[in-house]
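A closer look at the structure
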Amino acid sequence: MRFNDCRINNYLITSQIGEGAYGLVYHAIDIRTDKEYAIKAVVEGSCVGRETDNSGDETYQNSARLQKKLDKLFQDSKDIVRVPSIDLKSIENMSEANFKKLPHYKEISLHLRVHRHKNIVTIHEVLQSAICTFIVMDYYPNDLFTSIVDNRHFITNGLLVKKVFLQICSALNYCHEHGIYHCDIKPENLLLDADDNVFLCDFGLSTTSTYIKPNVCIGSSYYMPPERISFDSGKGCSSKIRGLKLRKNCSSCNGDLWSLGIILINLTCIRNPWLKADKGEDNTYYYFSKDPTVLKQILPLSNAFYSLLSKILQVDPKKRMHLQEIMKEISSITSFTNKGPLSKVPPLSKAVYEKLANPMGTASNFSPLRQRTYMENCKSLSCPFSDDEYDVVHQKKDDDHDHDHDHDDSSDNGTGSGRGSLGTLETDTGLQSSFTSTSCDSDTECPKTSNKISLFEKKFNELHMTASSLTN
Ligand SMILES: Nc1ncnc2c1ncn2[C@@H]1O[C@H](COP(=O)(O)OP(=O)(O)OP(=O)(O)O)[C@@H](O)[C@H]1O
């Protein structure tokens, strides 16, 4: 490895763990404490003045340029770079005017405003060298993409799906409450610790603008809402979706909600429903926009889960279900699929829901009416909760004498036992990693690009979607 054994202050670099459009991420060890960290190197000016349509070549060139600069930095300093640490509070308080001068600090500033949340990656230090900025963060060994696709970690465990998804929602809710819109919610930007706790990272596209321009803010196409793709590039620049004429700019908040809906499909079906929510370019999405029940034909969804997804994946962004409601529905849903292990899922107790949805201890809108507490099989389902959490669930169960499973979805005939079996979900369609162009918002026009071609792209293209049969 190129920078093996190089040091930045007290951090010893051990390997490269990520390569994005404008950042390189390294695994490092603090030689004083032996604690592991992830260090992201970003270059000043790297996210300025780049428009959306970028090829993989350009991404490669960007990171090659950064590598070269780092080479020189380490060479000049004989492998030990000593750089000052920037006061985090001063970065957090930076203004839009500051971001115009130092655009790459916007990602760090917005991230710092929310990194206190338990499910958002913590930034420890920001180090400034002459050629680039180093963001020192907590290190997590896995990301959600690898866990879903490679490890197939979720398809046999509905409680784990609930836990992970509620933690994602909780992190996102915290961001929205603080006026930060992530705009690049995708499995690669969700990291996992060894106990399957989620941590949101990469605020490179995030914005404080409640509305963003459709033609500037391009995220990963799989997770991008239709209103940010299907725009008229003509003078009016207004979006037209299903005959609706939408605002010139798109709601940042509602865009994140759409991405959540796609993540739910990833977690439960190991699929992406379409490549791009663009009627003109994607046949599956075209059919979905005409008739949402197409989702039930291409994915093994239970009726209850289809009903929930159709409320999240509303083409009209204003009609999308609110985040708090999504969380409550996920907590109480009793089936994700119409067959296999996810066809029977216990609802969460109020205590467990509170812990996942409000790890910061803020008030919740959980409705006691909706809660069900029959989680007696929690442990045997390979319980995703810690012992403490399990105790809370278990104690509640002891108080609860009604253990009958009462399915919302009576039409589901739940062929799978849901316990221990590998299930019958068709999981041969690989989940696509995000490799399309990305750029960041908005009023401040700070586009960045990302054309990460993942290992899974080839696999995905080979397998393609069963949905393609719909188009024949
Ligand atoms: N704290 C961390 N712990 C472990 N791995 C990390 C961490 N932060 C980032 N990574 C890894 O590095 C990859 C790239 O990081 P990040 O998304 O922040 O960079 P980027 O340049 O914005 O990438 P992209 O252009 O793909 O969005 C992540 O997908 C993840 O695999």
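Residues numbered from 1 in each chain as written. Predicted model: local features only at pLDDT ≥ 70, side-chain atom pairs only at ≥ 80, totals over all residues. Heavy atoms only, no water.

Within an unreviewed UniProt entry, the label attached to the protein chain reads non-specific serine/threonine protein kinase, and the organism entered is Saccharomyces arboricola.

For the rest of this paragraph, the subject is the domain arrangement of the protein chain. If you check the domain split of the protein chain, you get domain 1 (6-138) and domain 2 (142-230 + 247-379). Tallying the contact residues gives 16 residues for domain 1 and 23 residues for domain 2. Surface buried jointly by domain 1 and domain 2 totals about 1700 Å² across both partners, of which 65% is contributed by carbon and sulfur atoms. Taken together, the links from domain 1 to domain 2 amount to one salt bridge. Taking the shortest distance from any N to any O, the salt bridge between D202 and K40 comes out at 3.6 Å. Applying the counting criterion to the domain 1 and domain 2 interface returns five residue pairs in polar contact (both at pLDDT 80 or more). No other element matches the six residues that helix 4 (residues 104-114) contributes to the side of domain 1 that touches domain 2. Residues that form the side of domain 1 that touches domain 2 fall into these classes: five nonpolar, four polar and seven charged. (Domains from an automatic or database assignment. Contact = heavy atoms within 4.5 Å. Buried area = accessible area lost by both parts, 1.4 Å probe. Salt bridge = Lys/Arg side-chain N within 4 Å of Asp/Glu carboxyl O. Polar contact = N/O pair within 3.5 Å; in protein donor to acceptor, adjacent residues only side chain to side chain. Helix = DSSP H or I, 4+ residues; strand = E, 2+ residues; numbered from the N terminus. Nonpolar A, V, L, I, M, F, W, Y, C, P; charged D, E, K, R; others polar.)

By size, the foremost hydrophobic cluster in this structure holds 92 residues, and its most contacted members are L144, F154, V164, L267, W274 and L295. Among the elements that take part in this core, helix 6 (residues 158-177) stands out by supplying twelve residues, more than any other. No fewer than three residues from each of domain 1 (6-138) and domain 2 (142-230 + 247-379) sit in this core. (Core = buried A, V, L, I, M, F, W, Y, C linked by side-chain atoms within 4.5 Å. Buried < 20%, exposed > 50% of the residue type's maximum accessible area, 1.4 Å probe, protein only.)

Read across the open sheet, the three strands follow the order 8-9-10; overall the sheet is antiparallel. Here the strands that pair on one side only, and so sit at the sheet edges, are strand 8 (142-143) and strand 10 (198-200). Against the sheet, helix 6 contacts strand 9 (190-192) and strand 10, and its axis sits at roughly 30° relative to strand 10. (Pairing = 2+ DSSP bridges. Axes fitted to C-alpha atoms, helices over the stretch in contact; angles between N-to-C directions.)

As annotated in UniProt, the feature "binding site: ATP" (unreviewed entry) corresponds to K40 in the numbering used here. Within the element layout of this structure, K40 appears in strand 4 (residues 36-43). Accessibility expressed as a relative area gives 10% for K40, which makes it buried. What K40 contacts, discounting residues up to four positions off in sequence, is G23, L24, V25, E107, T133, F134, I135, M137 and D202. A distance of 2.9 Å separates the side chain of K40 from the side chain of E107, its partner in a polar contact. (UniProt positions renumbered as here; feature names shortened; annotations may be inferred.)

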